[in-house]
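Each chain, written out:
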Amino acid sequence: MARQSAGRALRALLLQPPARAAPLTPRGPAASYGTSITSAKIQVNGVHLHYQQTGEGSHAVLLLPGMLGSGQTDFGPQLKSMNKQLFTIVAWDPRGYGQSIPPSRDFPPDFFERDAKDAVDLMQALKFKKFSLLGWSDGGITALIAAAKYPTLIHKLVVWGANASVTQEDVRIYNGIRDVSKWSEKVKKPLEEMYGHKYFAKTCEAWVDGISRFAEKSDGNICQQLLPHIKCPTFIIHGEKDPLVPQAHAEYIHKHIKGSRLLLMPEGKHNLHLRFAEDFNRQVEDFLR
């Protein structure tokens, strides 16, 4: 049973197979609104952070990826198809991920807080005075922290596949994906192409160790105490078939953010924004309007 569960978690972890991801430089218009996806780096907090940007709308939106993620691997359908008249969409690669290397990725006790500060400072460096956050998985945790700590900067918040604490059950799931040699080729290939096998394997192991440390606390807390401080409109989405993040996490976040909305997608897994991109984009755009 544990082996089956780990296998399901592995298949759902993810990072989108390359066939569905938007190319870094699309051929022709990126969407019906005709704006292309640009790619650049900017120095923030001593690190050159890579980001992609598209759209010309007045509502700025930052997309925050998951573990080992980047804008290119994690948000192809959003960069390609979200409404580019209404939104200016930015997808970043956190330090040590994607094309924001160097530095190598590490996981000190405050790595989520560090990512939250980097993300907010990136958007300010790009001259966005106020913006919304769309955070997936680890990026959802980062977005929760950013919304709580920088409330005057955040317009609206959407998170999915996120958790505010780590349980012993979560640790068992994480250990099931520790050894990347056991991952399927479909999942492994785009990450090995981006990082090389050694960096990919080492960083995945380091991530498992880093996030599992939260479970050593009595309450497993990552950012539970910050949730009541989130005052912006918040939309939580959860896939009922997500084998990597149990539904109780989404329900906890919903309960502790006043006025938040929770949407359960019956067929959704961890990568619901990729598997059901059209429905996801429509739901999110309606919320952000």
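Refer to the preceding data block for the structure.
Novice: I'd like a rundown of the sheet that holds strand S1 (residues 38–44), residues and numbers included.
Specialist: Pairing within the open sheet is mixed, and its eight strands lie in the order S1-S2-S4-S3-S5-S6-S7-S8. Of all the strands in the sheet, the pair left with one neighbour each is S1 and strand S8 (261–265). Sheet twist, expressed as the mean angle between neighbouring strand axes with direction ignored, is 20 degrees. Relative to strand S7 (residues 234–239), strand S6 (residues 154–160) is paired through four bridges, and the arrangement is parallel. When the bridges of S7 are listed, Trp 160 appears paired with Ile 237. The sheet strands contacting helix H4 (residues 111–125) are S1, strand S2 (47–55), strand S3 (59–64), strand S4 (87–93) and strand S5 (131–136), and the helix crosses S1 at an angle near 110 degrees.

Novice: Break down the environment of Thr 54 for me, citing the residues and quoting the values.
Specialist: Here Thr 54 is to be found in strand S2. Classification of Thr 54 as buried rests on a relative accessible area of 2%. Between the C-alpha atoms of Thr 54 and Ser 39, which are 15 residues apart in sequence, the distance is 9.2 Å. When neighbours within four sequence positions are excluded, Thr 54 is seen to be in contact with Thr 35, Ser 36, Ile 37, Leu 79, Lys 84, Phe 87, Thr 88 and Ile 89. One polar contact links Thr 54 to Lys 84, side chain to side chain, over a distance of 2.8 Å.

Novice: An account of the pairing of S2 is needed here, citing residue identities and associated values.
Specialist: The side chains of a regular strand alternate, residue by residue, between the two faces of the sheet. Within S2, seven of the nine residues are buried, which leaves it mostly tucked inside the rest of the structure. Sheet topology places S1 next to S2; seven bridges connect them, and they run antiparallel. By the bridge assignment for S2, Ala 40 is matched with Tyr 51. In textbook terms, the turn of a hairpin is the stretch between consecutive antiparallel strands, and for S1 and S2 this stretch comprises two residues, one of which, Asn 45, has a positive phi near 50 degrees.

Novice: So what's going on with the packing of aromatic side chains? Residues and values would help.
Specialist: On inspection of all chains with the given rule, the structure shows ten aromatic pairs. A centroid spacing of 6.0 Å and a plane angle of 35 degrees characterise the contact between Phe 112 and Phe 214, whose relative ring orientation is tilted. Placement of Phe 112 in helix H4 and of Phe 214 in the loop between helix H8 (197–212) and S7 is noted, with a sequence separation of 102 residues between them. Considered together, Phe 112 and Phe 214 belong to a single accessibility category, that of buried residues. A network of ring pairs unites the aromatic residues Phe 107, Phe 111, Phe 112 and Phe 214 as a single cluster. Over the ring of Tyr 97 we find Arg 105; its NZ or CZ atom is 4.4 Å from the centre of that ring.

Novice: Can you tell me about the environment of Lys 41, naming the residues and giving the values?
Specialist: By the secondary structure assignment, Lys 41 is in strand S1. We classify Lys 41 as partly exposed; its relative accessible area is 45%. A C-alpha to C-alpha distance of 6.2 Å links Lys 41 and Tyr 51, two positions ten residues apart in sequence. Apart from residues no more than four positions distant in its own chain, Lys 41 is found in contact with His 48, Leu 49, His 50, Tyr 51, Gln 99 and Ile 101. From its side chain, Lys 41 meets the backbone oxygen of Gln 99 in a polar contact 2.9 Å long.

Novice: Give a description of the packing of helix H7 (residues 185–195) against H8 that names residues and reports values.
Specialist: It is at 7 Å that the axes of H7 and H8 come closest, and there the two elements cross at 110 degrees. In terms of orientation, H7 and H8 fall into the roughly perpendicular class. Two packed elements cross with a definite hand, and for H7 against H8 that hand is right-handed. For the pair formed by H7 and H8, the contact residues are Lys 188, Leu 191, Glu 192 and Tyr 195 on the first element and His 197, Tyr 199 and Phe 200 on the second. Here the residues of the contact of H7 with H8 are counted per class, giving four nonpolar, one polar and two charged.

Novice: An account of helix H6 (residues 168–175) is needed here, citing residue identities and associated values.
Specialist: Of the residues making up H6, those classed as buried are Asp 170, Val 171, Ile 173 and Tyr 174. Mapping the buried residues of H6 onto a view down its axis gives an arc of 160 degrees, with all of them on the same face. Here H6 starts with a cap whose side-chain oxygen sits 3.3 Å from the backbone nitrogen of Glu 169, and that cap is Thr 167.

Cut-offs used in this document
- Residues numbered from 1 in each chain as written.
- Predicted model: local features only at pLDDT ≥ 70, side-chain atom pairs only at ≥ 80, totals over all residues.
- Heavy atoms only, no water.
- Pairing = 2+ DSSP bridges.
- Helix = DSSP H or I, 4+ residues; strand = E, 2+ residues; numbered from the N terminus.
- Axes fitted to C-alpha atoms, helices over the stretch in contact; angles between N-to-C directions.
- Contact = heavy atoms within 4.5 Å.
- Buried < 20%, exposed > 50% of the residue type's maximum accessible area, 1.4 Å probe, protein only.
- Polar contact = N/O pair within 3.5 Å; in protein donor to acceptor, adjacent residues only side chain to side chain.
- Phe/Tyr/Trp six-rings, centres within 6.5 Å; stacked < 30°, edge-to-face > 60°.
- Lys NZ or Arg CZ within 6 Å of the ring centre and 35° of its normal.
- Parallel < 35°, antiparallel > 145°, perpendicular 65-115°, else oblique.
- Left-handed = near helix turned anticlockwise from the far one by under 90°.
- Nonpolar A, V, L, I, M, F, W, Y, C, P; charged D, E, K, R; others polar.
- Arc of directions from axis to C-beta.

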